[in-house]
Amino acid sequence: MSEKVGLLKYMQKEPTPKKEPSQEKIEEIETEVDEEVSGDEEEEVEVKFEGLPYFCPENYGPGLVLSVEYDGKSNLAFARLYDPKTKKLFCWYDNTNHHPYCYSDLDCEKLRQNKKLMSHEGLLNFEEVEKYDLLSDKTVKMTKIVAKDPLAIGGKTNSIREILPKAWEARIRYHDNFIFDRNIIPGLFYQIEKGNIIKTTTEIPSPIKKQLETALGETNKFRDVLDEFLPLFLTPVPDIKRAAIDIEVYSPIQDRIPDSSTAENQVICISIVSSENENRILLLRREDVEAGERPKGLPQDVKIEYFNSEPQMLKRAFEAMSEYPIIITFNGDNFDLRYLYNRAVRLGVKKEEIPIILTNEFAYMTTSIHIDLYRFFHNRSIQVYAFSDRYKEETLDAISKALLNVGKLTLNKSIHKLSLLELAYYCWWDSQVTLKLTQFDGNLVMKLIILLMRISRLSAEDLTRQGVSSWIKNLFYYEHRIRNYLIPLPEDINRIKGIGETKAIIKDKKFRGAIVVEPEAGVHFNVAVLDFASLYPSIIKEYNLSYETVRCPHPECRKNIVPETNHWVCTKRNGITSIIIGFLRDIRVKWFKPKSKDRTLKEEERIWNSIVERALKVYLNASYGVFGAEHFPFYCLPVAESTAAIGRYAIQRAIGKAKSLGMKIIYGDTDSVFIKNPSPQSIEELRNWSKKELQIDLELDKEYRYVALSDRKKNYLGVFRDGSVDIKGLTGKKRNTPQFAQESFLKMVETLSRVQSQEDFDKAKKEIQEIARTCYNKIKNKEFSLEEFAFHIQINKPLHSYVKTTPQHVKAARQLTKNGKELKPGDIISFVKVRGKDGVRPVELASKEEIDTEKYQEYLKSTFEQVLDAIGIDFQKIIGVTRLDMWV
DNA sequence: GCGGACTGCTTACCT
DNA sequence: ACAGGTAAGCAGTCCGCG
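Because the structure is a prediction, the values reported are computed rather than measured.

### Concerning the protein's contact with DNA strand C
Line of reasoning, step 1. The full set close to DNA strand C counts 32 residues, and Ile506, His631, Arg712, Lys833 and Ser862 are the nearest of them.
Line of reasoning, step 2. Of all DNA strand C atoms lying within 4 Å of any protein atom, the proportion belonging to sugar or phosphate reaches 81%.
Line of reasoning, step 3. Contacts to DNA strand C include Ile506, whose backbone N or O atom sits 3.2 Å from a phosphate oxygen.
Line of reasoning, step 4. Lys509 is positioned such that a nitrogen or oxygen atom in its side chain is 3.3 Å from a phosphate oxygen of DNA strand C.
Line of reasoning, step 5. Put simply, the parts of the chain that give the surface near DNA strand C at least two residues each are helix 20 (603-623), helix 26 (808-818) and helix 27 (853-871).

In structure tokens, the structure reads:
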């Protein structure tokens, strides 16, 4: 065994650096100076791992693949796997002689004439291959250009992809390429046998498989895809050992966030809480601060270690963190890990002793997998589809309140004034809340992450840091690679497919979207809402939409026109994205959705099915939008546009059919129709018609006792038969609305929920009048607190970049910054409306005297009118003639 | 010098 | 860095007005 020092000392066997094959002899010419491309490259460069402190066994496993990365020192791809028995990571280095590469449409002969290419020191060899090009629907001859290291392909100014006139698949990161080519699926189990990595197969019970095939239908065109995906959906996820960390930094000024890039101030506390119930608090003694009493909330078994030296404390923390295969943080990329690293360097700790690697945006660990939950929860798709918008703000406090029902501790003094033990408690609290975010509902978040990793073929670190378009991109890349399809260049898709043809209603949008039916204002009793089940994915599936099938090269397909456009769709082959999205849709709708509600199943199984169902929903909901997103590598406006156009066609046809059946449509939005007082038979007839005529399922989604519609679209209040209420779009429930208005609004809604019939309305109207009048008078007499008066509006960009206009919340924010408060995008400004120059004042600085009561009365009026309009009450009449009007 | 009509900006929502 | 459509409030601009 080697005597190698440093981090490599734990390796059982050092990976043998890649040998260079020589199928094609390449002459040596003197090389040019390499220049690394600066950070403004559009894609991430590989993270530089240089030797890792892992056990790299010859025979071992099975373990769960958590990451696949590239090690610059050995010039090899490697995987980090989690061993459920020892609860530790182990490592596997590529022994398959895989190399970075890209494709050229030039043959070897031509390429050899390219001096610059031939003299590139990273060039290994050429290989002539055949690929299937979906854009031309033809087999094409390509040359695979193989290189020694990823930077030779791309990432430097003289990389091969820059030398070639045109290079395919040259912008896919090496470790992703490796995942695709070796078919290593992150999130599944693998065994190491004689140094080779081998997938541990999941037994799918044959009855289940039979049931599934039946569920997907006799003419199931997804049979191959099913085999590929089933293990991803059915392999259980183990409980992975992990620890959450949180640090506190000394900050002499309140409201000032410590700068993690300079790390000027002391780290005064580090807390590590693990899934194995190990709690550690590392606390720095400070001369001027007393220990204080141990807070009651801090459990007795939580160990506190005191340190006199900060570097000692940091080193101890690094050791402790390295014991865990997964480190969880909340904003560790930008704060905790970044601060620890920079602080340690500043205090003279040797870089080799810091197990952290920083890039521009991210923080990784050499000894663990780092998951930054802030990034994951910040992801819009996760927020909206996985957690149904239950948290509205991406702070630890807001998320834990929404999902765990516990918030952060409230501090009554600033951090630097806390006693040591108070500080310890505060720090510990945050780290245990962070850990709990991965544990609630039977490790829901961890399971969701692993499942999304499997579907996207992304490591835990990449998955949690990338958005849904990257997840879909990676899945599509993989599906191309296994079918030997050439991954098209975005510019070729664009050139061949062209741009949009429809005109958007909103200025600056690229194509026309959905239809919203003009609501019939008033109260409607007995309303059924029918909607198309996942409309856009269904369209993509049933109408064969994909970047290669829309405006395909075959003249004979040109008759197959998409309504309202001149786009045509291929009649000869199944589109790849149509197949993938179609499969995900079918298996969600026909299997996981029903199974997640199936009471005959064990609860654990039901929960798992609902996690899969939610994961699939995330992909499906984004599947149409990505084709209209310029940065998406399969960006294809005609696909997005056709999807929306067929959607409009579907809802219009359905409305037409409903009317012909004598139904009254009172509202509709995108994929739904609100039908007044329909007969069950006509609903059935409409549904059957839709299935037959449009090939899309129309479902009875909701039944309201009554719906109150104003003349505003996307604004309504529906009361279900059981008295529960659906509120959409109304100001009263928006998060920026002042509390006083929300509460009065809620009272009105409560009153309305008790209404059973037309007759009840008269009573309800009286009650509502009373609610409105009471609130109106309370405003006049300023009986609400400043907090209740406050609007809460988010700033979405740095304050200095509001240049075109200065909205009120920005005015308020600027007043705060004058007082020394630091504000950043994402922060929510609470302000009240006041009489006088600016018209606004942040709550922190406001006084009750200056409240502009007229503005508030006006606001209450408009909040209530959204509902009162519908039920036929005039707000002005409720509160009587006022002020000036009296003399008119 | 001021107010109304208008457009544009911004946020938060719906599907 | 998934899309487009809608509401609401306010900021800013232009124009007319003895």
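### A look at the side chain of Ser710
Line of reasoning, step 1. Looking at the element boundaries, Ser710 is found in the loop between strand 21 (698-709) and strand 22 (716-720).
Line of reasoning, step 2. Looking at Ser710, the relative accessible area reads 1%, which means it is buried.
Line of reasoning, step 3. A polar contact of 3.1 Å, which involves the side chain of Ser710, links it to the backbone nitrogen of Arg712.
Line of reasoning, step 4. Each residue touching Ser710, except ones within four places of it in the same chain, is listed here: Pro519, Ala521, Asn715, Gln866, Asp869 and Ala870.

### Comments concerning the environment of Tyr704
Line of reasoning, step 1. Mapped onto the elements of the fold, Tyr704 is located in strand 21.
Line of reasoning, step 2. Judged by its relative accessible area of 0%, Tyr704 is buried.
Line of reasoning, step 3. Sequence spacing of Tyr704 and Asp722 is 18 residues, and the spatial spacing of their C-alpha atoms is 9.1 Å.
Line of reasoning, step 4. Apart from residues lying up to four places away in sequence, Tyr704 is in contact with Asn526, Val527, Val529, Phe674, Tyr716, Gly718, Val719, Phe720, Arg721 and Asp726.
Line of reasoning, step 5. Among the polar contacts listed, one links the side chain of Tyr704 to the side chain of Lys702, at a separation of 3.1 Å.

### Thoughts on the sheet that holds strand 4 (residues 101-104)
Either a parallel or an antiparallel arrangement is found when strands of a sheet pair, and the pairing is made through backbone hydrogen bonds.
Line of reasoning, step 1. With antiparallel pairing, the three strands of this open sheet are ordered in space as 4-6-5. Looking at which strands have only one partner, the edges of the open sheet turn out to be strand 4 and strand 5 (123-133). Here the strands of the sheet are splayed against their neighbours by 30° on average, with no regard to which way each runs.
Line of reasoning, step 2. Pairing of strand 5 with strand 6 (residues 138-147), which is carried by 10 bridges, proceeds in the antiparallel orientation. Bridge pairing in strand 6 places Glu127 opposite Lys144.

Reading the values: the criteria
- Residues numbered from 1 in each chain as written.
- Chains lettered and ligands numbered in written order.
- Predicted model: local features only at pLDDT ≥ 70, side-chain atom pairs only at ≥ 80, totals over all residues.
- Heavy atoms only, no water.
- Near = heavy atom within 4 Å.
- Polar contact = N/O pair within 3.5 Å; in protein donor to acceptor, adjacent residues only side chain to side chain.
- Helix = DSSP H or I, 4+ residues; strand = E, 2+ residues; numbered from the N terminus.
- Buried < 20%, exposed > 50% of the residue type's maximum accessible area, 1.4 Å probe, protein only.
- Contact = heavy atoms within 4.5 Å.
- Pairing = 2+ DSSP bridges.
- Axes fitted to C-alpha atoms, helices over the stretch in contact; angles between N-to-C directions.

Any link to function would need more than the numbers given here.
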